[in-house]
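# Remarks on the overall topology
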Amino acid sequence: MTMNSLPPVRPITLAEIEAARERIRGTALRTPLVKLDLGPDGPDIRLKLENLQPTNAYKIRGAANAVAMLGEAERGKGVWTISAGNAGQGVAYAARAAGVPCKVVVIDTAPATKVERMRALGAELVMTPFDVCWRALEEHAFPGMDGTLVHPFDDHNFIAGHGSMGLEILEDCPDVQTVICAIGGGGLIAGVGAAIKAKRPGVQVIGAEPETAAPWAMSLQRGGPMEFAAWRASFVDGAGGRSVIPRMWERMRAVSDGGLVVTLEQVRRAMRMMAEKARVVSEGAGALPLAAALTGKAGTGPIVCVVSGGNVDLAKFCELIGV
């Protein structure tokens, strides 16, 4: 499927999210929501622990739904995706369960942990520079890939799968005031936001980005999808794209309320705090929402921070949190 033949962006309905939730029930976990104890004067922050999924990241929700909804002909061709690791693991896991061959175009700076896990799940890997991967994400195409693309964020069924998380958040924290999600391609916030806004439109849905890669905040400021010229790679490899793709701008702006940008040092501190206070191992992208919540700019809560993943090399994790 090329960019020209893509279906137009349309809202994701509550019925689609609820159907996705049932469809993925045997694959994706209902993850716990735990309170982070910050003392009597601290904000009320809850952690949505998607790092506890079978692939240690939320992407399994969308991947399981998208693969389940493929027709026989599409499955017969095999599936492929583009990933720094988490989407690749999610699609490979779902494809293996469905008996479908899987290839992953992998960003060549992906952590060894993620690369090894994708390979262990049976995926054929094609290591590729970030710039080339990002263009492939924009164009929905990559030379030599002739199977069915399961796009890691610009895919209606993928996003609907992520929406199941929003339903769980509302059930486990009915008085939630703000939900914060990391922004990479935008699929997470688009899915969670669609569920939250369908049921509780007054809840604030905020995107968090690192200072090194903050196209969402820039796009909001300028009123349209932008490329972030000052982009640079960092340990926050699971978030922070080069640009907001126009189709994702349409999806995200309809169901979210703003963006917060944090420093890499703030992300490191958030990773350490989760390890110390909640015994949670988070990758950089998973700590972005907590870093944003701790700035005080998201209110006093209840704030739900989506810990999107925990796929980080343990030696790197220890180095980052200063152990």
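Quick note: structure is the one above.
Described below are features of the structure shown in this document. Treat the numbers as computed from the prediction; the structure is a model and nothing was measured. (Residues numbered from 1 in each chain as written. Predicted model: local features only at pLDDT ≥ 70, side-chain atom pairs only at ≥ 80, totals over all residues. Heavy atoms only, no water.)

### Considerations on the nonpolar core
For clarity, the cut-off: In this text, buried Ala, Val, Leu, Ile, Met, Phe, Trp, Tyr and Cys residues form a nonpolar core when linked through side-chain atoms within 4.5 Å. Exposed residues in this analysis have more than 50% of their type's maximum accessible area, buried residues have under 20%, and partly exposed residues fall in between, with area computed by a 1.4 Å probe over protein chains only. In this description a helix means any DSSP run of H or I spanning at least four residues, a strand means any run of E spanning at least two, and both kinds are numbered starting from the N terminus. Working rule for contacts: check all heavy atoms of both residues, and any pair within 4.5 Å makes them a contact.
If you look at the biggest cluster of nonpolar residues, it comprises 53 residues, and the most contacted ones within it are Ile 169, Val 179, Val 192 and Ile 196. Considering each element in turn, this core owes the most residues, seven residues, to helix α8 (residues 187–199). Those residues in contact with Ile 169 that sit more than four places away from it in its chain are Leu 33, Lys 48, Val 179, Val 192, Ile 196, Val 304 and Val 306. Grouped together as the second largest cluster of nonpolar side chains are 35 residues, Leu 49, Leu 264, Met 274 and Ala 292 included.

### Notes on the packing of helix α7 (residues 156–172) against α8
The test is simple: A fitted line through C-alpha atoms represents every axis, and for helices the fit uses only the stretch in contact; the resulting angles, taken between N-to-C directions, go from 0 to 180 degrees. Oblique is the label for any angle not under 35 degrees, not over 145, and not in the 65 to 115 range, which are roughly parallel, roughly antiparallel and roughly perpendicular in turn. With the far helix as reference, a near helix turned anticlockwise by less than a right angle produces a left-handed crossing, and one turned clockwise produces a right-handed crossing. When residues are grouped by polarity, Ala, Val, Leu, Ile, Met, Phe, Trp, Tyr, Cys and Pro land in nonpolar, Asp, Glu, Lys and Arg in charged, and all others, Gly among them, in polar.
Remark: α7 packs on α8, axes separated minimally by 7 Å, with the N-to-C direction vectors making an angle of 50°. By the angle class used here, α7 and α8 are oblique. Handedness of the α7/α8 crossing: right-handed. Here Ile 159, His 162, Gly 163, Met 165, Gly 166, Leu 167, Ile 169 and Leu 170 of α7 come into contact with α8, specifically with Gly 187, Leu 188, Ala 190, Gly 191, Val 192, Ala 195, Ile 196 and Lys 199. Of the residues contributing to the contact of α7 with α8, the split by class is ten nonpolar, five polar and one charged.

### Observations concerning the sheet that holds strand β1 (residues 33–36)
We apply this condition: Think of it this way: DSSP has to see at least two bridges between two strands before they count as a pair.
If you trace the six strands from one edge of the open sheet to the other, you get β1-β2-β10-β7-β8-β9, paired in mixed fashion. Since the sheet does not close on itself, it has two edges, and those belong to β1 and β9 (258–262), each with one partner. Taking the axes of each pair of neighbouring strands and ignoring which way they run, one obtains an average angle of 30° across the sheet. Inspection of the sheet shows β1 paired to strand β2 (residues 45–49) by four bridges, in the antiparallel sense. Looking at β2, one finds that Leu 36 is bridged to Ile 45.

### Here we look at the pairing of strand β4 (residues 102–107)
Short version of the rule: With its strands directed away from the observer, a crossover is right-handed exactly when the path from the first strand over the helix to the second travels clockwise.
Counting buried residues along β4, five of its six residues qualify, which places the element largely inside the surrounding structure. Where strand β3 (residues 79–83) meets β4, five bridges bridge the pair, whose relative direction is parallel. Within the sheet, the bridge partner assigned to Val 79 lies in β4 and is Cys 102. Each parallel crossover has a hand, and the one from β3 via helix α4 (residues 86–98) to β4 is right-handed. Taken together, the five bridges between β4 and strand β5 (residues 124–128) define a ladder with parallel strand orientation. In the strand pairing of β5, Val 104 is matched with Leu 125. Taking the sense of rotation as the criterion, the β-α-β connection linking β4, helix α5 (residues 112–120) and β5 turns out right-handed.

### Comments concerning unusual backbone geometry
Gly 301 connects to Pro 302 through a cis peptide bond whose omega is 0°. Relative to the helices and strands, Pro 302 is located in the loop between α12 (284–293) and β10 (303–307). For His 140, which is not glycine, the phi dihedral falls at a positive 60°. On the secondary structure map, His 140 appears in the loop between α6 (130–139) and β6 (148–149). Phi is positive for Arg 279, close to 55°, though the residue is something other than glycine.

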